[in-house]
Amino acid sequence: MRMTLSRRSANGLLLGGALLWTATVVATTAMAETALPRASAVPGGVVMIDLPATAGAGADTPPRVSFEGNRVMLLRHGTGWRAIVGIPLSQAPGEVQLEIERDGRRETRQLQIVGKQYTTQYLKVPPSQVDLAPADLARVETEQTRIRAALATFSETPPATLVLRAPVRGPRSSSFGSRRFFNQQPRNPHSGMDIAAPTGTPVYAPADGEVVDTGDYFFNGKSVFIDHGQGLVTLYCHLSEIAVPTGTRVRSGERIGAVGATGRVTGPHLHWGVALNRVLVDPALFLPVATAP
Ligand SMILES: [Zn+2]
């Protein structure tokens, strides 16, 4: 249920004319604190919850926050803490619970998730990429396990910033979350942002991090996964070239590969995914204010 990246959705296709990207500006007042993404309490969005300090002896001990059993990013906020929660695209609108453990006590906080109408896309690809041969299906299932493991990475050091640089210059699709039909067959929704650029265009790390996996996948093509800390993991798919082996520490703006058309695509572009607490959320929420393409 919570896993939104699947063999069906892990793809990136760019449709002509669907490239308009807009954003609203929300000023943050987090002085000297981590810059934040935009909050959006919708499926595929991000919710931020303040957890004020408690008076108990464990006031300096960070609480442990989880959502659907997955650990949630926690940042220092004043004398207390702030939880940054990724909401799965598959989340039904309504009330959801955040579990908080601190000072040996468990409590829950209710979050209200509102519905969002995403668009629908109809895409045409070779039939062998929709109705898979048994060998391809077996391969995809093995790859899914590995992709889930990479997205499950949780390292303790928090990211320096949650406002990310766009990894590639180019027109961005607004297709995150769109319901997809491949050759008229329904498949999982689009779990990332597509950025159109010619093959060979450099792809840059959007923030400091560590490369936790790379591979060449049936649907995603050549891919890089970067761990930025506290469950923020980004991925880059359909690359023509991978420039950073697993284990490399990368700095924001460092070249990690090049745009390509590997895997299931209709043309060269970058598919960019952003995960929090193991769920893929809308990358647009992490970018600075949009500039006109
Ligand atoms: Zn895509």
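It should be noted that the structure appears before, not after, this text.
We now turn to the structure provided with this report.

Cut-offs and rules
- Residue positions are given per chain, counting from 1 as you read along its sequence in written order.
- Only residues with pLDDT of at least 70 get local features here, since the model is predicted, and only at 80 or more are side-chain atom pairs given and counted; chain-wide, interface and lining totals rely on the full set of residues.
- Note that the side-chain values use all heavy atoms of the structure and ignore hydrogens as well as water.
- Here a strand pair is declared whenever DSSP counts at least two bridges between the two strands.
- Comment: elements are numbered from the N terminus, with helices defined as DSSP H or I runs of at least four residues and strands as E runs of at least two.
- In this scheme, a residue with accessible area under 20% of its type's maximum is buried, one over 50% is exposed, and one in between is partly exposed, where area comes from a 1.4 Å probe on protein chains only.
- Working rule for contacts: check all heavy atoms of both residues, and any pair within 4.5 Å makes them a contact.
- Here the term cavity refers to a set of points on a 1 Å grid, laid over the protein atoms alone, in which a 1.4 Å probe fits but cannot get out; the term pocket refers to an open set having protein on both sides within 12 Å along at least five of seven lines, with lining residues being those that place an atom within 4 Å of a point.
- Grid points are joined across faces, edges and corners, and a volume is the space filled by probe spheres set on the points.
- Three classes are used: nonpolar for Ala, Val, Leu, Ile, Met, Phe, Trp, Tyr, Cys and Pro, charged for Asp, Glu, Lys and Arg, and polar for all others, with Gly counted as polar.
- Note on aromatic pairs: the rings of Phe, Tyr and Trp (six-membered ring only in Trp) are paired at centre separations within 6.5 Å, and the planes decide the class, stacked below 30 degrees, edge-to-face beyond 60, tilted for the rest.
- Our definition puts a charge over a ring when NZ of Lys or CZ of Arg is within 6 Å of the ring centre and also within 35 degrees of the ring normal.
- Definition of nonpolar core: a set of buried residues of the types Ala, Val, Leu, Ile, Met, Phe, Trp, Tyr and Cys, connected through side-chain atoms within 4.5 Å.
- By definition here, a salt bridge exists when the distance from a side-chain nitrogen of Lys or Arg to a carboxyl oxygen of Asp or Glu is within 4 Å.

Re the sheet that holds strand 6 (residues 94–102)
Piece 1. Strand order in the open sheet formed by four strands is 3-2-6-7, and the pairing between neighbours is antiparallel. Of all strands in the sheet, those with a lone pairing partner are strand 3 (70–71) and strand 7 (105–113), marking the two edges.
Piece 2. Bridge count between strand 6 and strand 7: nine bridges; the pairing is antiparallel. Along strand 7, the bridge assignment pairs Glu101 with Arg106.

A short note on the pairing of strand 18 (residues 255–258)
Successive residues of a regular strand alternate their side chains across the two faces of the sheet.
Piece 1. Relative to strand 18, strand 12 (residues 202–204) runs antiparallel, the two sharing three bridges. In the strand pairing of strand 18, Tyr204 is matched with Arg255.

Details of the sheet that holds strand 12
Across a sheet, strands are paired by hydrogen bonds formed along the backbone, either parallel or antiparallel in direction.
Piece 1. Read from one edge to the other, the open sheet built from three strands follows the order 12-18-16, with strand pairing classed as antiparallel. Looking at the sheet topology across the chains shown, the edges are occupied by strand 12 and strand 16 (241–242).

Some remarks on the environment of Val289
Piece 1. Structurally, Val289 is set in the segment after strand 20 (279–281).
Piece 2. Taking the C-alpha atoms as reference points, Val289 and Val163, 126 residues apart in sequence, are found 9.9 Å from one another.

A word on the side chain of Gln91
Piece 1. Inspection of the secondary structure assignment puts Gln91 in the loop between strand 5 (80–86) and strand 6.
Piece 2. Residue class for Gln91 comes out buried when judged on its relative accessible area of 14%.
Piece 3. Sequence-distant contacts of Gln91, that is, excluding residues within four places in its chain, are made with Pro43, Phe67, Glu68, Val96 and Ile113.

Considerations on empty space enclosed by the protein
Piece 1. A full pass over the atoms with the stated rule returns two cavities of 30 Å³ or more.
Piece 2. In this model, the second largest cavity occupies a volume close to 30 Å³.
Piece 3. The wall of the second largest cavity is formed by Glu33, Thr34, Leu36, Leu75, Arg76, His77 and Arg82.
Piece 4. When residues of the lining of the second largest cavity are assigned to their parent elements, the largest contribution, three residues, is made by strand 4 (residues 73–77).
Piece 5. The residue makeup of the lining of the second largest cavity, split by class, is two nonpolar, two polar and three charged.

Things to note about the packing of aromatic side chains
Piece 1. Tallying each qualifying case throughout the model produces four aromatic pairs.
Piece 2. Seen from their ring centres, Tyr118 and Phe176 are 6.1 Å apart, and the 80° between their planes marks the pair as edge-to-face. With a gap of 58 residues between them, Tyr118 in the loop between strand 7 and strand 8 (120–123) and Phe176 in the loop between helix 1 (134–151) and strand 9 (179–182) connect regions that are remote in the sequence.
Piece 3. A relative accessible area of 15% places Tyr118 in the buried class.
Piece 4. For Phe176, a relative accessible area of 5% puts it in the buried group.
Piece 5. Plain terms: the ring middles of Tyr122 and Phe181 are 4.9 Å apart, the flat faces sit at 20° to each other, and that makes the pair stacked. Of the two residues, Tyr122 sits in strand 8 while Phe181 sits in strand 9, which places them 59 residues apart along the sequence.
Piece 6. Seen from the ring of Trp81, Arg76 lies directly overhead, with NZ or CZ sitting 4.0 Å from the centre.
Piece 7. The ring of Phe182 has Arg264 sitting right over it, with the charged end atom 3.9 Å from the ring centre.

Things to note about the nonpolar core
Piece 1. Core analysis: the largest hydrophobic core is formed by 34 residues, its most contacted members being Tyr236, Ile256 and Phe286.
Piece 2. Going through the elements one at a time, strand 4, strand 11 (193–196), strand 14 (221–229), strand 15 (232–239), strand 19 (269–276) and strand 20 are the ones with two or more residues in this core.
Piece 3. At four residues, the largest contribution of residues to this core is made by strand 19.

Examining the pattern of salt bridges
Piece 1. Using the criterion set out here, one finds nine salt bridges in the structure.
Piece 2. The partner of Glu107 in a salt bridge is Arg102, with the nearest N and O atoms 3.5 Å apart.
Piece 3. Under the relative-accessibility criterion, Arg102 is labelled buried at 10%.
Piece 4. Close ionic contact of Asp213 with Arg146 constitutes a salt bridge, the shortest N to O distance being 2.8 Å. Here the residue Asp213 occupies a position in strand 13 (residues 209–217), and Arg146 occupies one in helix 1, the gap between them amounting to 67 residues.
Piece 5. Accessibility expressed as a relative area gives 12% for Asp213, which makes it buried.
Piece 6. By relative accessible area, which is 41% here, Arg146 ends up partly exposed.

Purely geometric stuff here, so don't read any function into it on its own.
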